[in-house]
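# What the coordinates show
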Amino acid sequence: MSWVTQTLASSLGRKVIMSLTGLFLCTFLIVHVAGNLQLFKADGGRAFNEYSYFMTHNPVIMTVSYLLYTSIVVHALMALILTRHNQASRPVKYAYQRPEANSPWSSRNMGILGTVLLIFIVIHMRTFWYTMHFGPIPMAEYDGKEYKDLYKIVLEAFSNWWYVLFYVIAMGALGYHMVHGFKSGFQTLGLRHKKYTPLIEFLGVYVFSMLIPALFAAMPVYFFLKHVGVIG
Amino acid sequence: MNLESKIPEGPLAEKWARHKFGLKLVNPANKRKYEVIVVGTGLAGASAAASLAELGYTVKAFCFQDSPRRAHSIAAQGGINAAKNYQNDGDSVFRLFYDTIKGGDYRAREGNVYRLAEVSVNIIDQCVAQGVPFAREYGGLLANRSFGGAQVSRTFYARGQTGQQLLLGAYSALSRQIANGKVKMFPRTEMLDLVVEGGKARGIITRNLVTGKIESHSAHAVLLCTGGYGNVFYLSTNAMGSNVTAAWRAHKKGALMANPCFTQIHPTCIPVKGKYQSKLTLMSESLRNDGRVWAPKTKEDAEKIRKGELKPTDLKEEDRDYFLERRYPAFGNLVPRDVASRNAKYVCDEGRGVAATGLAVYLDFADAIKRDGRTTIEAKYGNLFEMYEKIVDDNPYETPMMIYPAVHYTMGGLWVDYNLMTTIPGLYALGEANFSDHGANRLGASALMQGLADGYFVVPYTLGDYLATIGHADKLPVEAPAFKAAEAEVKHMVDRLLSAKGERTPEEIHRELGHIMWDYCGMSRSAEGLKKAKGMIQDLKKEFWTNMRVVGDAEEMNQALEQAGRVADFIELGELMVDDALAREESCGGHFREEYQTEDGEALRDDANFAYVAAWEYKGDNQPEVLHKEELVFENVKLTQRSYK
Amino acid sequence: MKINLKVWRQKNGNAAGKLVDYKLDNISPDMSFLEMFDVLNDELMHKGEEPVAFDHDCREGICGMCSMYINGRAHGPQTGATTCQLHMRSFADGDTIIVEPWRARAFPVIKDLMVDRSAFDRVVQSGGYVSVNTGSARDANETLIPRTIADEAMDAAQCIGCGACVAACKNASAMLFVAAKVSHLAVLPQGQAEASIRAERMVAQMDAEGFGACSFTGACSVECPKSISLDHIARLNREYLGAKITSEAV
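Residues numbered from 1 in each chain as written. Chains lettered and ligands numbered in written order. Predicted model: local features only at pLDDT ≥ 70, side-chain atom pairs only at ≥ 80, totals over all residues. Heavy atoms only, no water.

Per an unreviewed UniProt entry, chain C carries the name Succinate dehydrogenase/fumarate reductase iron-sulfur subunit and comes from Fibrella rubiginis. Turning to chain C, the UniProt record has this under Sequence similarities (unreviewed entry): "Belongs to the succinate dehydrogenase/fumarate reductase iron-sulfur protein family." (UniProt positions renumbered as here; feature names shortened; annotations may be inferred.)

Named according to an unreviewed UniProt entry, chain A is Succinate dehydrogenase cytochrome b subunit originating from Fibrella rubiginis.

Have a look at this one:
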């Protein structure tokens, strides 16, 4: 085995893969939420559709997006491998356990949270990404140029109460996944220092597990409330 | 028998250097052909096994614990002495030597003690190089403290866990040699006999504690690094597994046992609570630097406290007896361990003891807290106070701490010469298992020093001399009749222990032995009491072999069986300790004979008649042991009476 | 007090085990948890039954030999303490207490509550030392080690090797144990020459022994009798990654 495969096959190497893919996905969350905030712009979806066009045609973004898809797959597969390995490390289970006495719930249930997120991603991509790329999709025209009207797809999807509910639950899962995941990513890379770790923990809790999931969840809720006429 | 101490000629300071030069060397290419057995992996054992393997010898190491890292050296708290004189306060090799000889009440050999002081400096260097995290000053230099009433600061320490850190250092060196294949480690394995043939130690018989398998191991030399026998008292600060079995069975095969009655009783232990109590916990001696020891002045007050009708904090200043300060105005609460212990016992014997049992005195920090503030006291002793509170469930910042003496260390052990060889050629004893360096009383922070001195810096030199003399062909195969006979003997003993179908558990008998030893061969001893104890021990021995019961089988993990074997040896050792205490008609160090005291109740030594090492020879089952004397010669120190007034 | 016990009984490593009920009366709240087991064993032996096998030695919280999983927690409900430092006053009269051995693939059961922790020894043998032969050391004060560094090393070095970290971890990971040793020697100048190779070898051995991976739940540090910090795990990660990327070994 070369040193690379040897490193990546070790328990620490596998955790590093989890960490790097996970933290990369965190940066994507920032871009994604920032871009999608344009949904709230009261311009009938123009800004959002132009943004969607840009995201699907810029060569740099397109390259990064493939890296993103790979990261999701690798993150999930590696999690599966690690979970199986970890379960095998204790073939005989305890008859009675009180894990709540020594560790937070989210830290022990990253696999469940991650599975919820994976299901969410599949459904989410089927609804938007697939439609955007493979149609059928209505078109909109701004300044004589044709754009795929993804905004309309959003409106339709979020008029569905159970679909909205599913999104809100998934964002709850994202929040819990981030509480533990964000700071863990740094821990795995050995980036821990009494000067900087408090900042990392702050970002993990307030930005990645509260602000970002809340903003994401606000989108379906907003459009649903609009749909039922609670807000104008 | 001629007890040849082999102390080299010449001036004290040159003895060791000259001796080292005179020792034969083993050809480096031949070293791997020599096999050495090391029993016990505490400070002495682990350091010896690692050092010998580094030299190239083939080593087999044994311990009864599940890992060599758990030997009881790990529990030592205070520190390790070394004559580094880093503090520029007047320390020197000679002063450490002098303090040790005097502290031992002049019952140790000058040559051995001087060598100990001499190599003490190398120990610190070695341990630091291994990564032992000794306490440091802000500038990065090593920190020292004064310990156990010493007048210089020569004690190196790693928080309150010095023994642990030193042991982990030796364990890491041992681990490195195990990885190198130079040491083969046998954890959970107990030595049950020594094989002697042609007048030389040839190997050992062991029992695998997991499978129960009895096995023979052959070697050119056997090193017993098996610690002390304080558990003969049942309750002590020793670990539950600490035992005398290896040393005692070697004794029965011809190794002489020296000064067995020399026991150190430590004054600041947490008192006994109930009859279920399995062990005693030591509180660091440093507590006496700031705590004041007292008991109620009257029996009446003491009784009210025992019944819980009166709180110690309610007792007025004039109703308290600060007995150490009263009797020893110069040293006060900092008198040596034996003196502090004995005085606590007197107070309790007078009926002035506290706690429900009446077997405790107070160690009070109220004045220190008033003087220095709670923060300062907390910084100094916080962890100790916490430990006390965990055990006793009482807050020592508010109510005075209760303390009582407990057995802590045994100065006696297998007789060894200057080379650490016992009276059986090829059998060595290192560390607490031998008798050599502490005389009748050991100074604080000197046990760690001795264990490591023996293992790192003495035996690696002296063992080669013996091995070079005998040659590598002089080794007995395990198929030899001597091994087979010893194996059969061990199996017979195991069967005998398991076949008894009486009423009592080994634990109960052990506890009873402990009571006898504590009452009659503990802090103070009298001819009358000792004679009574001897009879009681003999009766107990009969009881053991006729009315004991061990459940379970021989061919499996059987902790009751392990214990039974150890108790059998403790009973025999107990009888010898009583004999030794009876024969030593003087008081010295930890050995206090009531008949031999000064007018004001202090130990009265008899240098004219008892300045010798009492080495006992086993003569067969139920036969009286024979006393051999090694006269002690003092050329460099003047014998004085200790006084702490 | 009265105590109901459910204790794991298993004849040996190959036999099947089960929880067995015992009732004890007259337990004093001042007893240590292990003394309560002494009482149980005394009763069992008087009835001619085999006593419960359990590891214990110093009974003052430093040797690391005792290892019971009590009511769902390593070393019981107290934090910062070993089983031998746990007292019965931590329980209420009439309580039911479930006692199991450490559970991990790398710690097979020997008998009852006793497990084989030699995996830890093998991890240390793989590199948990400074290569210095006896006698080759220079003067102890020649290397300056600032107090803060010495304290940090000591924080890590005080690990007692009891295995509570493995027992408490949902993945039976030994990261805190390995990290404590790697960290202790990595911060000290004496240990730096071998820091890279040590981290690489010890992690490889840890994996080979069948311990799980770290998920940073923090359970190990909470249940550790010496409260060893998770900072050391971060340092191990750093040392290991750094070593893998920079070391000469290919």
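### A word on the overall build of chain A
A count of helices and strands for chain A gives nine helices and two strands. When its helices and strands are written in sequence order, chain A yields α-α-α-α-α-α-β-β-α-α-α. Counting across all 232 residues of chain A, residues that qualify as buried make up 41%. Taking the contacts inside chain A whose residues are at least 6 apart along the sequence as the reference set, 73% of them involve residues at least 24 apart. Looking at chain A as shown, the accessible area adds up to about 12,600 Å², and 70% of this sits on carbon and sulfur atoms. Here chain A contributes 18 positively and 9 negatively charged side chains, and the mean placements of these two sets differ by 21 Å. (Helix = DSSP H or I, 4+ residues; strand = E, 2+ residues; numbered from the N terminus. Buried < 20%, exposed > 50% of the residue type's maximum accessible area, 1.4 Å probe, protein only. Contact = heavy atoms within 4.5 Å. Areas by Shrake-Rupley, 256 points an atom, 1.4 Å probe, with all protein chains shown as cover. Lys, Arg positive; Asp, Glu negative; His and termini not counted. Charge placed at Lys NZ, Arg CZ, Asp CG, Glu CD.)

### Details of the interface of chain A and chain C
Frequently, the measure chosen for interface size is the accessible area removed from exposure when the parts meet. In this assembly, 37 residues from chain A lie in contact with 48 residues from chain C. Here chain A and chain C share an interface that buries about 3,500 Å² over both sides, 56% of which is from carbon and sulfur atoms. Area buried by chain A at its contact with chain C is led by Leu12, Tyr94 and Asn102 of chain A, which between them contribute 19% of it. For arginine 192 of chain A, the salt bridge goes to aspartate 231 of chain C, with nearest N and O atoms at 2.4 Å. Looking at the side of chain A that touches chain C, the elements that each hand over two or more residues are helix H1 (3–9), helix H2 (11–36), helix H4 (59–88), helix H5 (105–108) and helix H8 (161–188) of chain A. Residues belonging to the side of chain A that touches chain C are distributed by class as follows: 13 nonpolar, 17 polar and seven charged. (Buried area = accessible area lost by both parts, 1.4 Å probe. Salt bridge = Lys/Arg side-chain N within 4 Å of Asp/Glu carboxyl O. Nonpolar A, V, L, I, M, F, W, Y, C, P; charged D, E, K, R; others polar.)

### Brief notes about unusual backbone geometry
Glycine aside, the phi torsion of most residues is negative, and most peptide linkages are trans. A cis amide bond links glycine 135 of chain A with the next residue in sequence, proline 136 of chain A, at an omega value of -5°. Its place among the elements puts proline 136 of chain A in the loop between helix H6 (110–134) and strand S1 (139–142). The residue tyrosine 106 of chain B is not glycine, and still its phi comes out positive at about 60°. Residue placement: tyrosine 106 of chain B occurs in the loop between helix H3 (93–103) and helix H4 (110–130). Overall, tyrosine 106 of chain B belongs to the buried group, its relative accessible area being 0%. At alanine 355 of chain B, a position not held by glycine, the phi torsion is positive, near 70°. Relative to the assigned elements, alanine 355 of chain B resides in the loop between helix H9 (337–349) and strand S14 (361–364). Using a relative accessible area of 16% as the deciding quantity, one classes alanine 355 of chain B as buried.

### Let's talk about the arrangement of the chains
The structure contains two pairs of chains in contact, of which chains B and C account for the largest number of contacts. With respect to C-alpha atoms, chain A approaches chain B no nearer than 20 Å, and the pair has no contact.

### What about the UniProt feature "transmembrane region" (unreviewed entry) in chain A?
Residue and element names in this part refer to chain A. Here, UniProt's "transmembrane region" (unreviewed entry) annotation points to residues 20–40, 60–83, 110–129, 161–179 and 199–225. Taken end to end, residues 110–129 is 100% helix and 0% strand, and its first and last C-alpha atoms sit 26 Å apart. Along residues 199–225, the helical share is 100% and the strand share 0%, with 36 Å between the first and last C-alpha atoms.

### Some words on the domain arrangement of chain C
All names here are of chain C. Domain parsing of chain C yields domain 1 (3–111) and domain 2 (118–246). Just the C-alpha atoms count here: the centres of domain 1 and domain 2 sit 29 Å apart. With 20 residues of domain 1 at the contact, the number on the domain 2 side is 20 residues. Summed over both partners, the interface of domain 1 with domain 2 comes to about 1,400 Å²; 59% of that surface belongs to carbon and sulfur atoms. Viewed at the interface, domain 2 and domain 1 are joined by one salt bridge. The closest approach of N and O atoms between arginine 73 and glutamate 223, which form a salt bridge, is 2.8 Å. Taken together, the connections running from domain 1 to domain 2 amount to two residue pairs in polar contact (both at pLDDT 80 or more). Within the side of domain 1 that touches domain 2, the residues separate by chemical class into 10 nonpolar, seven polar and three charged. (Domains from an automatic or database assignment. Polar contact = N/O pair within 3.5 Å; in protein donor to acceptor, adjacent residues only side chain to side chain.)

### A word on a nonpolar patch on the surface
Residues and elements named next belong to chain A. Taken together, the side chains of Val168, Val221, Leu225, Val228, Val230 and Ile231 make up a nonpolar region of the molecular surface, amounting to roughly 420 Å² of accessible area. With three residues, the single largest contributor to the nonpolar patch is helix H9 (residues 197–228). Inspection of the secondary structure assignment puts valine 168 in helix H8. (Patch = residues over 30% accessible without salt bridge, like charges linked within 9 Å, V, L, I, M, F, W, Y side chains within 5 Å.)

### So, the interface of chain C and chain B
Of the residues lining the interface, 77 residues belong to chain C; the matching set on chain B comes to 76 residues. Here chain C meets chain B over a buried area of about 6,300 Å², counting both sides, of which 51% is carbon and sulfur. Put simply, chain C and chain B have 10 salt bridges between them. Across the contact surface, chain C and chain B share 47 residue pairs in polar contact (both at pLDDT 80 or more). For the side of chain C that touches chain B, the element with the highest residue contribution is helix H3 (residues 147–157) of chain C, accounting for seven residues. Per-class residue counts for the side of chain C that touches chain B are 34 nonpolar, 22 polar and 21 charged.

### Here we look at the environment of glycine 455 of chain B
Checked against the element boundaries, glycine 455 of chain B lands in helix H12 (residues 447–470). For glycine 455 of chain B and alanine 482 of chain B, which are 27 residues apart along the polypeptide, the C-alpha to C-alpha distance reads 29 Å.

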